[in-house]
Amino acid sequence: MAIAGPIPIAFEHVFPHGCYLVGEVEQVKDFTASTGGRTVFAKDKTTGELIWQVAVMDADPAAKLAQKTVAVKITAPVQPVPPTPTPGLPITPIEFEAMTVTPYVHQTTGRLAYSLRARGMRAPRVAASAKQTGAAGKEVAA
């Protein structure tokens, strides 16, 4: 089979309506390796880089309430820095770079679930094909 491991996926396929940062960037703990008072942080098995996690809210208006907030893990050698908050907005729009999805069976529910990973995060960029309305009311390419 050609698929072995995480499946590359475009940000737009995961969050077609975008997403918003709703938590802090946190380093993921390796609970299996941590013992007593010694905390060990998780590392990616392939790259050896540290794993960070951030909570985001899916902007899809049709998403069920229980599925609105999801965690995205970011593999990076240092703590990723979120984009600067947009003035006037109470939450920060965000996009992820080089996303992957790994399906798995949730141990508690027995249902199919997905683990989302990325290589970085940034402020949303305007699509190259987006159009803006000019002063004369005509649409012009951005």
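Parameters at a glance
- Residues numbered from 1 in each chain as written.
- Predicted model: local features only at pLDDT ≥ 70, side-chain atom pairs only at ≥ 80, totals over all residues.
- Heavy atoms only, no water.
- Helix = DSSP H or I, 4+ residues; strand = E, 2+ residues; numbered from the N terminus.
- Polar contact = N/O pair within 3.5 Å; in protein donor to acceptor, adjacent residues only side chain to side chain.
- Contact = heavy atoms within 4.5 Å.
- Salt bridge = Lys/Arg side-chain N within 4 Å of Asp/Glu carboxyl O.
- Buried < 20%, exposed > 50% of the residue type's maximum accessible area, 1.4 Å probe, protein only.
- Phe/Tyr/Trp six-rings, centres within 6.5 Å; stacked < 30°, edge-to-face > 60°.
- Core = buried A, V, L, I, M, F, W, Y, C linked by side-chain atoms within 4.5 Å.

Draft legend 1. A look at the side chain of threonine 75. As for its position among the elements, threonine 75 is in strand S5 (residues 69-76). Of note is the side chain of threonine 75, whose polar atom sits 3.4 Å from the side chain of arginine 117. If near-sequence neighbours (up to four positions away) are discounted, threonine 75 is found in contact with Asp44, Thr47, Glu49, Leu50, Arg117, Ala118 and Arg119.

Draft legend 2. Structural detail: the pattern of salt bridges. Across all of its chains, the model carries 5 salt bridges by this definition. Between arginine 122 and glutamate 95 there is a salt bridge; the shortest N-O distance is 3.0 Å. Taken together, the positions of arginine 122 in strand S9 (residues 120-122) and glutamate 95 in strand S6 (residues 92-97) put the pair 27 residues apart, joining distant regions of the chain. By relative accessible area, which is 9% here, glutamate 95 ends up buried. Here glutamate 95 ties to arginine 125 by a salt bridge, and the two come within 4.0 Å at their closest N and O atoms. Here arginine 125 lies in the loop between S9 and strand S10 (131-133) and glutamate 95 lies in strand S6, a separation of 30 residues in the sequence. Given a relative accessible area of 58%, arginine 125 falls into the exposed group. Salt bridges sharing common partners tie together Glu95, Glu97, Arg122 and Arg125.

Draft legend 3. Structural context of the packing of aromatic side chains. With the rule as written, the count across this model stands at 2 aromatic pairs. Ring centres of phenylalanine 11 and phenylalanine 15 lie 5.6 Å apart, and the angle between their planes is 40 degrees; this geometry places the pair in the tilted category. Judged by relative accessible area, phenylalanine 11 falls into the buried class, the value being 8%. With 6.5 Å between their ring centres and 50 degrees between their planes, phenylalanine 11 and phenylalanine 96 make a pair best called tilted.

Draft legend 4. Spatial organisation of the nonpolar core. With 20 residues, the main nonpolar core has Phe15, Val54, Val56, Val72, Ile74, Phe96 and Met99 as its most contacted residues. Elements that contribute at least two residues to this core include exactly helix H1 (11-14), strand S2 (19-21), strand S4 (50-58), S5, S6 and strand S8 (112-118). In terms of residues, this core owes the most to one element, S4, which gives 4 residues. For phenylalanine 96, the contacting residues outside a window of four places in its chain are Phe11, Phe15, Cys19, Val54, Val56, Val72, Ile74, Ala118, Gly120 and Met121.

Purely geometric stuff here, so don't read any function into it on its own.
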